Amino acid sequence: MAWDDSASKVWMDGELVDWKDATIHSLSHVVHYGTSVFEGIRAYSNENGVAVFRLKEHVRRLFDSAKIYSIPIPYTEEEIADAIKLTIKENGLKSCYIRPIVFRGYGELGVNPLNCPVNVVIAAWDWGSYLGEEGMENGVDIGVSSWRKPAPDTFPALAKCGANYMNSQLAKIEAIEHGYDEAIMLDYMGYVSEGSGENIFLVEDGVLHTPSLGSSNLRGITRDSIMKVARDLGYEVIEERIVRERLYLADEVFFTGTAAEVTPIRSIDHKTIGSGKRGPVAKEIQSTFFDIVEGKIEDKHGWLDYI
C-alpha cells in the first residue's frame with residue numbers, strides 16, 4: 001500500500017490535495033473516539049474500461065452507517081459517487097482499492113460529537129488480495145478468536161464504523177500472534193459471526209450456509225454478491241445461526257469481502273477443512289465472480305459502474 005505516494009491525490013472535502021497534505025488535526029474527535037464511518041470498495045480493469053464494483057450500494061451503506069451514528073454527510077450520494085470516480089481517474093488508477101471515510105473533525109473534545117464538523121475523505125491505491133494471491137488459490141489458515149463480537153445493544157454491527165473495528169483488531173492481532181492468517185469471531189451468544197473483516201460461508205453437501213444478520217455481522221456487499229452468484233449457479237444458500245463445530249466438519253469454508261474477495265479456508269484451529277485446499281464450490285464461485293468483474297461474462301446484475 002502506497003502510504004507515502006507524493007504523486008497521488010486524495011479527495012478532501014470537495015478538493016483534490018496531494019497525498020502528503022491529506023492530514024487532520026491531532027485533536028480531531030475521530031482521533032480520540034473513533035467517530036468515523038467508512039467503506040472499502042474495489043475497481044476492476046477489463047477490456048471495457050475501469051469499473052467500480054457496486055458503487056451505488058457501497059455509497060448507500062456509507063450513508064446508512066452515518067445515519068446510525070448521527071453523522072450528517074454534507075454531500076449527496078451522487079456527489080460522493082462522482083468524487084470516487086474522480087479520485088480514481090485523477091490518479092490514473094485501473095484495478096484499485098478505494099477508501100471513502102466520513103469523520104468528526106476538529107471542534108470540541110468531549111464525548112459529545114454533535115458540535116464537531118463532519119469531514120469527508122476519499123483515497124484510492126493499488127492493493128492486491130488482502131490475504132495473498134497464494135491464499136486465494138490454495139486457502140488460508142484460520143483460528144477461532146477468543147474475542148467475541150458485541151451484542152446488538154452495544155455496538156451496531158450493521159454500521160461500518162471505525163470504532164467498531166477495535167474489536168476486530170483484537171481478533172486480528174491474536175490470530176497473527178498464534179500464527180494464523182486471519183481470525184473467525186463468534187457472536188455474543190457463541191455462534192459463528194464473521195472474520196475480523198470478512199463474511200464467511202460454509203459448504204455442506206453442496207449447500208451454502210452463512211451466518212444470518214442477527215449474528216453481529218456486517219451486511220457485506222460482497223457477501224450479497226456471492227449469494228446471488230451462487231444462486232445463479234444453482235446452489236441453495238441458507239442464512240442461519242451456525243455453531244462453531246460445523247466449521248470443522250464442513251466440506252468447504254471460505255471468506256468473502258471487498259479486500260478478501262473470495263478466499264478459501266484450508267484449516268481452522270489446525271483442523272483440516274475438507275481436502276485441505278480450495279474446494280470445487282469455492283473455485284466455481286470465485287471463478288464466476290472474477291469473470292463478472294473482469295468483463296468476461298455478462299454483468300446481469302448491473303454491478304459494474306464504469307468510469
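Provided above is the structure to which this section pertains.
Quick summary incoming for the structure in this document. (Residues numbered from 1 in each chain as written. Predicted model: local features only at pLDDT ≥ 70, side-chain atom pairs only at ≥ 80, totals over all residues. Heavy atoms only, no water.)

As a further point, take a nonpolar patch on the surface. A surface patch of nonpolar side chains, amounting to about 470 Å² of accessible area, comprises Leu 27, Tyr 33, Tyr 106, Leu 109 and Val 111. Tracing the backbone shows Leu 27 in the loop between β2 (15-18) and α1 (29-33). Relative accessible area serves as the criterion here: at 36%, Leu 27 is assigned to the partly exposed category. (Patch = residues over 30% accessible without salt bridge, like charges linked within 9 Å, V, L, I, M, F, W, Y side chains within 5 Å. Areas by Shrake-Rupley, 256 points an atom, 1.4 Å probe, with all protein chains shown as cover. Salt bridge = Lys/Arg side-chain N within 4 Å of Asp/Glu carboxyl O. Helix = DSSP H or I, 4+ residues; strand = E, 2+ residues; numbered from the N terminus. Buried < 20%, exposed > 50% of the residue type's maximum accessible area, 1.4 Å probe, protein only.)

Overall, the coordinates contain eleven aromatic pairs when judged by the stated rule. Arranged with centres 5.3 Å apart and planes meeting at 65 degrees, the rings of Trp 11 and Tyr 75 form a pair that is edge-to-face. Residue Trp 11 is located in strand β1 (residues 9-12), and its partner Tyr 75 is located in the loop between α2 (55-68) and α3 (77-90); the two are separated by 64 residues in the primary sequence. When its relative accessible area of 6% is taken as the criterion, Trp 11 is described as buried. Consider the rings of Tyr 97 and Trp 125, whose centres lie 5.4 Å apart with planes at 45 degrees: the pair is tilted. Remark: Trp 125 occurs in strand β7 (residues 118-125) and Tyr 97 occurs in strand β6 (residues 96-104); sequence separation between them is 28 residues. Considered together, Tyr 97 and Trp 125 belong to a single accessibility category, that of buried residues. Taken together, Tyr 44, Phe 53, Phe 289, Phe 290 and Trp 303 form an aromatic cluster joined through their ring pairs. (Phe/Tyr/Trp six-rings, centres within 6.5 Å; stacked < 30°, edge-to-face > 60°.)

All right, on to the nonpolar core then. Counting 27 residues, the largest nonpolar core has Ile 80, Ile 84, Ile 88, Ile 98 and Val 102 as its most contacted members. Residues within four places of Val 102 in sequence aside, it is in contact with Thr 35, Ser 36, Val 37, Leu 62, Ile 71, Ile 73, Val 118, Asn 119 and Val 120. Met 136, Val 203, Met 227 and Ile 285 belong to the second-largest nonpolar core, a separate cluster that totals 24 residues. (Core = buried A, V, L, I, M, F, W, Y, C linked by side-chain atoms within 4.5 Å. Contact = heavy atoms within 4.5 Å.)

With that settled, consider the pairing of strand β5 (residues 49-53). Remark: a regular strand shows side chains that alternate across the two faces of the sheet. Taken across its five residues, β5 has four buried, putting it largely inside the fold. Hairpin connection between strand β4 (residues 41-46) and β5: a loop of two residues separates the two successive antiparallel strands. Across three bridges, the pairing between β5 and strand β17 (residues 304-306) is antiparallel. Bridge pairing links Val 52 to Asp 305 in β17. (Pairing = 2+ DSSP bridges.)

Take the environment of Asp 251 next. With respect to the helices and strands, Asp 251 occurs in the loop between α7 (245-249) and β14 (252-257). Given the relative accessible area of 39%, Asp 251 is considered partly exposed. Along the primary structure Asp 251 and Ala 183 are separated by 68 residues, whereas in three dimensions their C-alpha atoms are 19 Å apart. When residues no more than four places from it in sequence are discounted, the contact partners of Asp 251 are Val 203, Glu 204, Asp 205, Ile 273 and Gly 274.

Attention now goes to the side chain of Ser 267. The residue Ser 267 is located in strand β15 (residues 261-268) in this model. Within polar-contact distance, the side chain of Ser 267 engages the side chain of Asp 141 at 2.6 Å. If near-sequence neighbours (up to four positions away) are discounted, Ser 267 is found in contact with Val 140, Asp 141, Ile 142, Thr 272 and Ile 273. (Polar contact = N/O pair within 3.5 Å; in protein donor to acceptor, adjacent residues only side chain to side chain.)

In this section: the pattern of salt bridges. Per the counting criterion, the structure on display carries 19 salt bridges. The salt bridge partner of Lys 9 is Asp 18, with a shortest N-O separation of 2.5 Å. By relative accessible area, Lys 9 is classed as partly exposed at 29%. The partner of Arg 42 in a salt bridge is Glu 261, and the shortest N-O contact between them spans 3.6 Å. Linking Arg 42 in strand β4 with Glu 261 in strand β15, this pair joins segments that are 219 residues apart in sequence. Residue Glu 261 is classed as buried on the basis of its relative accessible area, which comes to 7%. One network of salt bridges, with partners in common, ties together Arg 54, Glu 57, Asp 224 and Lys 228.

Purely geometric stuff here, so don't read any function into it on its own.
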